[in-house]
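A closer look at the structure
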Amino acid sequence: MVMSDIRDAIAPPPAVQVLDLFKQFGSLQVLQGINLKIMPGETVCLLGPSGSGKSTLLRCINWLEPPTQGQVIIHGTPIGQRQVGNRTVPMSTPELSQMRTRISMVFQHFNLWPHLNVLGNITEAPIHVQKRPKPEVKAEAEALLQKVGLYDKRHIYPARLSGGQKQRVAIARALAMRSEVMLLDEPTSALDPELVGEVLDVIRSLTQDGMTLIIATHEMKFAEEVANRIVFMDKGHIIEETSPQIFFTRPQTDRARQFLERYVYA
Ligand code: ADP
Ligand code: MG
């Protein structure tokens with residue numbers, strides 16, 4: 001065994017590993033061979049112009065969109081498909097639901113259930129998908145609501161919350177599943193400017209707690225501050241993958257420079 005093999009054998013598996021991922025919608029090639037490895041506790045910001053494939057990549061990572069080709073592995077376990085003997089078969093819906101509780105998603109438009117109050121939104125998946133005991137789940141949900149500053153709203157229905165409050169509930173809901181990885185797709189871009197800060201504060205606290213986060217965002221200052229790594233996409237490819245220090249001061253490609261001129265120096 002050489003040194004690097006020994007290191008690989010004792011290293012924890014990546015939180016997320018994306019292998020040679022392609023996604024096509026009809027004749028439109030949206031993701032064209034994505035490879036990405038994210039270690040536990042890392043915060044990765046996904047940047048790129050509109051239409052570059054950021055949302056599709058996040059949706060493929062938790063198999064909301066089955067990729068046309070490629071694999072996604074969450075802490076050593078493939079999502080979406082499994083081996084039966086030497087055949088690969090698609091996961092059943094319950095298997096997928098279980099898997100998705102390990103890799104939760106926070107959407108631009110919150111996607112709260114309108115017929116459930118705040119507590120109901122947060123406890124639904126832990127009770128019904130993860131089959132955890134109700135009293136434990138409820139106590140944890142209340143603690144999470146304290147954390148995101150919404151304990152007082154626990155009996156309110158989503159229609160009566162502001163956008164910033166809805167997004168904080170969505171984040172608490174994702175945390176309640178005790179998921180290992182959280183995917184956030186432009187979590188602040190549907191918010192009024194004055195509500196952005198309260199949501200970024202909550203996300204910042206998750207990075208400090210050591211959560212593994214993949215965040216598609218156009219909040220450049222925030223990305224520069226919280227990201228361990230910037231992944232810059234264009235036309236379905238990753239074209240830069242580097243530290244925020246380098247990305248924001250010395251981007252390596254013309255495409256990234258043009259992008260930064262539009263978003264950061266505008
Ligand atoms: P981004 O999040 O970077 O703006 P998206 O992943 O949303 O990019 O979109 C990438 C491309 O894929 C766009 O051209 C978009 O129109 C297309 N696309 C996304 N979802 C679908 C879909 N369900 N059906 C067809 N085309 C889609
Ligand atoms: Mg998008």
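Further up the page is the structure itself.
Now for a look at the structure at hand. (Residues numbered from 1 in each chain as written. Chains lettered and ligands numbered in written order. Predicted model: local features only at pLDDT ≥ 70, side-chain atom pairs only at ≥ 80, totals over all residues. Heavy atoms only, no water.)

**Concerning the pairing of strand 1 (residues 16-25)**
Bridging between strand 1 and strand 2 (residues 28-38) involves eight bridges; their strand directions are antiparallel. Within the sheet, the bridge partner assigned to V18 lies in strand 2 and is L36. The antiparallel pairing of strand 1 with strand 2 creates a hairpin that spans two residues between the two strands, and G26 there sits at a positive phi of about 60°. Sheet analysis places strand 1 next to strand 4 (residues 69-74), joined by five bridges and oriented antiparallel. Each residue of the ladder has a partner; that of L19, found in strand 4, is Q71. (Pairing = 2+ DSSP bridges. Helix = DSSP H or I, 4+ residues; strand = E, 2+ residues; numbered from the N terminus.)

**Here's the deal with the sheet that holds strand 11 (residues 229-234)**
The strand order across the open sheet formed by six strands is 8-9-10-3-11-12, and the pairing between neighbours is mixed. Strand pairing shows two members of the sheet lacking a second neighbour, strand 8 (103-106) and strand 12 (237-242), which therefore form its edges. Here the strands of the sheet are splayed against their neighbours by 20° on average, with no regard to which way each runs. Here strand 3 (residues 43-47) pairs with strand 11 via four bridges, running parallel. Looking across to strand 11, one finds that C45 is bridged to I230. Contacts from helix 6 (residues 163-176) reach strand 8 and strand 9 (181-185) within the one sheet, and its direction differs from that of strand 8 by about 175°. In the packing of helix 7 (residues 193-209) onto the sheet, contacts are made with strand 3, strand 9 and strand 10 (212-216), and the angle to strand 10 comes to roughly 145°. (Axes fitted to C-alpha atoms, helices over the stretch in contact; angles between N-to-C directions. Contact = heavy atoms within 4.5 Å.)

**Regarding the packing of aromatic side chains**
Considering all chains together, one arrives at three aromatic pairs under this definition. When the ring of F247 is compared with that of F248, the centres are 5.3 Å apart and the planes differ by 90°; the resulting orientation is edge-to-face. Both residues of the pair, F247 and F248, belong to the buried class. Taken together, the aromatic side chains of F232, F247, F248 and F259 make up a single cluster linked through ring pairs. Directly above the ring of Y151 sits R154, whose terminal nitrogen or CZ lies 4.0 Å from the centroid. A cation over a ring is seen here: R173 above W113, with NZ or CZ 4.9 Å from the ring centre. (Phe/Tyr/Trp six-rings, centres within 6.5 Å; stacked < 30°, edge-to-face > 60°. Buried < 20%, exposed > 50% of the residue type's maximum accessible area, 1.4 Å probe, protein only. Lys NZ or Arg CZ within 6 Å of the ring centre and 35° of its normal.)

**Observations concerning helix 10 (residues 254-263)**
Spacing of three or four residues puts side chains on the same side of an α-helix, whose turn is 3.6 residues. Buried within helix 10 are the following residues: A256, F259 and L260. Along the long axis of helix 10, the arc covered by the buried residues comes to 95°, so they all point the same way. Helix 10 presents D254 and R262 as exposed residues on the side facing more than 90 degrees away from its buried surface. Residues of helix 10 that are buried make contact with strand 3, helix 8 (220-226), strand 11, strand 12 and helix 9 (244-249). (Arc of directions from axis to C-beta.)

**Re the environment of G236**
By the secondary structure assignment, G236 is in the loop between strand 11 and strand 12. Note on G236: relative accessible area 1%, which makes it buried. Sequence separation of G236 and G26 is 210 residues, and the distance between their C-alpha atoms is 15 Å. When neighbours within four sequence positions are excluded, G236 is seen to be in contact with V30, L31, Q32, I34 and S52.

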